[in-house]
Amino acid sequence: MCMAVFKKCECGTRTVQFHLRDNVLSPEVITRLFCPDCPGDSVFDMKSMVNDNGWIIEYDMVLATMQIMQGRMISLEMISPEYLFDQGYACWLEMYPGEKADIQDERQRIIALKKQDQQRYLQEMIGWNINRLAELKTKGWRKAQAA
């Protein structure tokens, strides 16, 4: 059973839902979140933070390392903020924060086709997904790069 994990950014304007792969890590591993609008008074620390298009996630790397090493054949050197994010242990639930809201109208328009013409609906949905993923890759979103 997956648990819903929400984190509010440091300036308090945005809340993001996180995915914790297989519930290996506890929600406390994500210590702070900075949206692109958060004040830049915190220094970026490569040892505990990952940057995804201006969004910065800070992890408790001691806790993350302890939790991820339990029962896993993985070397200590592999565990980094990038590893936690890119392997899905503590990353956005969506491809990027706010994606679900951003695509809602477009998605609903395509879903409406399902009742009228299923073949066209399938073609539109497949094409739309392929084009969105290509656009997200171009924009540099980390999860899109791995897809």
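Refer to the structure printed above.
Attention in this report is confined to the structure presented alongside it. Model, not experiment: these values are computed from the prediction. (Residues numbered from 1 in each chain as written. Predicted model: local features only at pLDDT ≥ 70, side-chain atom pairs only at ≥ 80, totals over all residues. Heavy atoms only, no water.)

1. Some words on the packing of aromatic side chains
In the structure shown here, the tally under the stated rule is five aromatic pairs. With a centroid separation of 5.4 Å and 40 degrees between ring planes, the pair formed by Phe18 and Trp92 is classed as tilted. Of this pair, Phe18 sits in strand β2 (residues 15-19) while Trp92 sits in strand β6 (residues 91-92), and the two are 74 residues apart along the sequence. Its relative accessible area of 1% is what places Phe18 among the buried residues. For Trp92, a relative accessible area of 1% corresponds to the buried category. In textbook terms, an aromatic cluster arises when at least three aromatic residues are bridged by ring pairs, as seen for Phe18, Trp55, Phe85 and Trp92. (Phe/Tyr/Trp six-rings, centres within 6.5 Å; stacked < 30°, edge-to-face > 60°. Helix = DSSP H or I, 4+ residues; strand = E, 2+ residues; numbered from the N terminus. Buried < 20%, exposed > 50% of the residue type's maximum accessible area, 1.4 Å probe, protein only.)

2. Focus on the sheet that holds strand β1 (residues 5-8)
An order of β1-β2-β6 is seen for the three strands of this open sheet, with the pairing classed as antiparallel. Looking along the sheet, the strands with just one partner apiece sit at the ends: β1 and β6. One ladder, built from four bridges, connects β1 with β2; its direction is antiparallel. Directly across from Lys8, in β2, lies its bridge partner Thr15. (Pairing = 2+ DSSP bridges.)

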